[in-house]
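Tertiary structure, described
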Amino acid sequence: MQLNYINVFFQLTTYEIKIILRSTVAWITPHIFYVIIVCLFPIAIGHDQELLVSMAPGVIWVAALLATIISMGHLFQNDYHEGYLDLLLVSTYPLSLLALTKITSHWICHGLPLILISPLLGLMLNLSVEELYALIFTLLLGTPVLSLIGAIGAALTVAVKGNGLLLPMLIMPFYIPVLIFGTGIMIMTHQNMPVIAYYAMMGALVLLSLGFAPILTGQALKIGASR
Amino acid sequence: MFAWLNKNFLSLRAFYINTTWLIPWIMTGFSLCFIYGMFTGLFIAPADYQQGDGFRIIYVHVPSAFAAMFIYLMMAICAMITLIWRVKITAICMSCSGPIGAWFTLLALITGSIWGKPMWGTWWIWDARLTSVLILLFIYLGFIALQSAIENSRTRDLATSIMTIVGIINLPIIHYSVIWWNTLHQGPTISKLSAPSIASSMLYPLLAMISAFILFYFLIVVIRMRNQILMREIKS
């Protein structure tokens, strides 16, 4: 019996989320990593308030990027070793839909918590209220892009043994546009300049990657997971 | 049609035989362009009214930057063909082009840096054009890393193809970076075909050098591809 695609999407997504949340340590480690990275900077640089405020956007964004990549490594790995991925590949549903469920569940479990933690870290780095709002909005637009683009790399390297450093090297260059516009919005907000064009560019990035990444991830899975 | 193409051009065997006589021709073309470009560029072309003789590094910088982007474009076309028709020769061409492209990108960055020090007063600046070319270098390095990580040759060809196609997004960014953002790097000089903003006595050596670099790329890539074909045949 063929279920309709929307039902399949929601069922698979909730199933994936349950699986991710059940291995609590693996789920929570990237978030702790994120907090630690951000906290390292004030310790290393000293408590110069002005310097911290001007550095905060870059620090938080780079940390979010690293945390996403850390969590991205496990995206397809367990499924591949357990053989669940092979079952997905032979199912009759389009691969892009299945890839989208994986990406969505990854974003809900790893992207959303990053956004929820970030205002706290922003406060620790002395950001003003407007900048905190800007931080939340840019992360809200930016983290889906990180998950979407990262999934392509994770799918390509799924069968590679010891891919710990390969994945970051592969997808970091493609994260740079998000980084530029994400920190750009924060800097413009700090200087009280109009940011609407930057937000539009971020939105365009989200839509572009939402359109292409699931399809490419599906194809990459087919290639990467062939035994 | 496809069988004919395959028999005469696309099969590894046909490629190997065809390129045996092609290599001397490429070598001759490269030598002619290189000697002409080098000589006229260094001795005949007039000195720039602002930069003096310092501008002559353009004859290495622009061709290597052009080659870096050209090679990536070639790789992307090869990747498309590999993904759609599963042709082996284009996959080999793509995998052999990667390291060459990385070297040309590095050369463009280094010569640009040497040029930048006396003219802009700094070795490096986080300008849009420089940053996007740096990203191109990272993409090349990622390509090489992915390529060496996957053992199965078929999986490797297809996986690197997908990566190359995703990376093509960077090419228009590099090309238009000097137009979209108001940067320190100067705007396009020779790509405006209708009215190039460079004197023809400086332009012709530059065009010769660009063709020399491209021919050099073809020469190296063909030699590397022939080696690659032999290596693959040994294993099979």
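Residues numbered from 1 in each chain as written. Chains lettered and ligands numbered in written order. Predicted model: local features only at pLDDT ≥ 70, side-chain atom pairs only at ≥ 80, totals over all residues.

1. Some words on the overall build of chain A
- Counting secondary structure elements, chain A contains nine helices and zero strands.
- Secondary structure of chain A in N-to-C order comes out as α-α-α-α-α-α-α-α-α.
- Its C-alpha radius of gyration of 18 Å places chain A within 12% of the 17 Å reference for a compact globule of 227 residues.
- In terms of its C-alpha atoms, chain A occupies a principal-axis envelope of roughly 60 × 35 × 30 Å.
- Counting the 227 residues in chain A, one finds 42% classified as buried.
- Sequence-distant contacts in chain A: of pairs separated by 6 or more residues, those separated by 24 or more amount to 81%. (Helix = DSSP H or I, 4+ residues; strand = E, 2+ residues; numbered from the N terminus. Rg over C-alpha atoms; globule rule 2.2 N^0.38 Å. Buried ≥ 20, exposed ≤ 12 C-beta atoms within 10 Å, placed from the backbone. Contact = placed C-beta atoms within 7 Å.)

2. Topic: the overall build of chain B
- Of the regular secondary structure elements, chain B holds eight helices and zero strands.
- Scaling as 2.2 N^0.38, a compact globule of 236 residues should have a C-alpha radius of gyration of about 18 Å, and chain B matches this with 19 Å.
- Along the first, second and third principal axes, the C-alpha atoms of chain B reach 60 × 35 × 30 Å.
- Out of the 236 residues belonging to chain B, those deemed buried represent 34%.
- At a minimum sequence separation of 6, the contacts of chain B that also span at least 24 residues come to 76%.

3. Focus: the interface of chain A and chain B
- Counting residues at the interface gives 17 residues for chain A, matched by 15 residues for chain B.
- Put simply, the parts of the chain that give the side of chain A that touches chain B at least two residues each are α7 (129-156), α8 (166-190) and α9 (196-224) of chain A.

4. Topic: the packing of α7 of chain A against α9 of chain A
All names here are of chain A.
- Packing of α7 against α9 brings their axes to within 7 Å, and their N-to-C directions diverge by 20°. Considered as vectors, α7 and α9 are oriented roughly parallel to each other. Judged by the sense of rotation from one axis to the other, the crossing of α7 with α9 is left-handed. Together, Thr 138, Leu 141, Gly 142, Pro 144, Val 145, Leu 148, Ile 149, Ala 151, Ile 152, Ala 155 and Leu 156 of α7 and Met 202, Gly 203, Leu 205, Val 206, Ser 209, Leu 210, Ala 213, Leu 216, Thr 217, Ala 220, Leu 221 and Gly 224 of α9 make up the contact between the two elements.
- Residues belonging to the contact of α7 with α9 are distributed by class as follows: 17 nonpolar, six polar and no charged. (Axes fitted to C-alpha atoms, helices over the stretch in contact; angles between N-to-C directions. Parallel < 35°, antiparallel > 145°, perpendicular 65-115°, else oblique. Left-handed = near helix turned anticlockwise from the far one by under 90°. Nonpolar A, V, L, I, M, F, W, Y, C, P; charged D, E, K, R; others polar.)

5. Topic: the confidence of the model for chain A
- Averaged over all residues, the pLDDT of chain A is 89; the fraction at 70 or higher stands at 98%.
- Taken element by element, the predicted model of chain A shows its lowest mean pLDDT in helix α4 (residues 77-82) of chain A (86) and its highest in helix α6 (residues 95-124) of chain A (93). (pLDDT = per-residue confidence, 0-100.)

6. Some words on α9 of chain A
- For α9 of chain A, with 29 residues, the first-to-last C-alpha span of 39 Å sits near the 42 Å given by 1.5 Å per residue.
- The largest bend in α9 of chain A comes to about 30°, at Ala 213 of chain A, with the proline Pro 214 of chain A one to four residues further on. (Expected span 1.5 Å × (residues − 1). Bend = angle between axes of the 7 residues up to and from the residue.)

7. Notes on the environment of Leu 22 of chain B
- For Leu 22 of chain B, the position within the fold is in helix α2 (residues 12-44).
- Separated by 70 residues in sequence, Leu 22 of chain B and Ile 92 of chain B place their C-alpha atoms 18 Å apart.

8. Details of the environment of Val 178 of chain B
- One can find Val 178 of chain B in helix α7 (residues 170-180).
- For Val 178 of chain B, a count of 18 C-beta atoms within 10 Å translates into the label partly exposed.

9. Details of unusual backbone geometry
Residues and elements named next belong to chain A.
- One non-glycine residue, Asn 126, lies in the positive phi region at around 65°.
- Position of Asn 126 among the secondary structure elements: in the loop between α6 and α7.
- On the basis of neighbour count, Asn 126 is assigned to the partly exposed category, with 14 C-beta atoms found within 10 Å.
- Positive phi outside glycine occurs at Asn 192, with the angle close to 55°.
- Using a count of 8 C-beta atoms within 10 Å as the deciding quantity, one classes Asn 192 as exposed.

10. Some points on α2 of chain B
All names here are of chain B.
- Compared with the 48 Å implied by 1.5 Å per residue over 33 residues, the 44 Å span of α2 between its first and last C-alpha is a close match.
- Along α2, the sharpest change in direction is near 40° and occurs at Thr 20; proline Pro 24 comes one to four residues later.
- Taken as a whole, α2 has its buried residues at Phe 15, Phe 30, Cys 33, Gly 37 and Gly 41.
- Each element contacted by the buried residues of α2 is listed here: α3 (58-85), α4 (88-120) and α8 (200-235).

11. Regarding the packing of α6 of chain A against α9 of chain A
All names here are of chain A.
- Here α6 crosses α9 at 105°, and the two axes come no closer than 8 Å. It follows from the interaxial angle that α6 and α9 lie roughly perpendicular. Seen from α6, the contacting residues are Leu 95, Ser 96, Leu 98, Ala 99, Leu 100 and Ile 103; seen from α9, they are Pro 214, Ile 215, Thr 217, Gly 218, Leu 221 and Lys 222.
- A breakdown of the residues in the contact of α6 with α9 according to their chemical character gives eight nonpolar, three polar and one charged.

12. A look at the confidence of the model for chain B
Residues and elements named next belong to chain B.
- Here chain B shows a mean pLDDT of 86. Residues at 70 or above account for 93%.
- Within chain B, α3 carries the highest mean pLDDT (93), whereas helix α1 (residues 2-10) carries the lowest (75).
- Model confidence for the complex: the whole-complex pTM is 0.89, and ipTM, which rates the interface, is 0.85.

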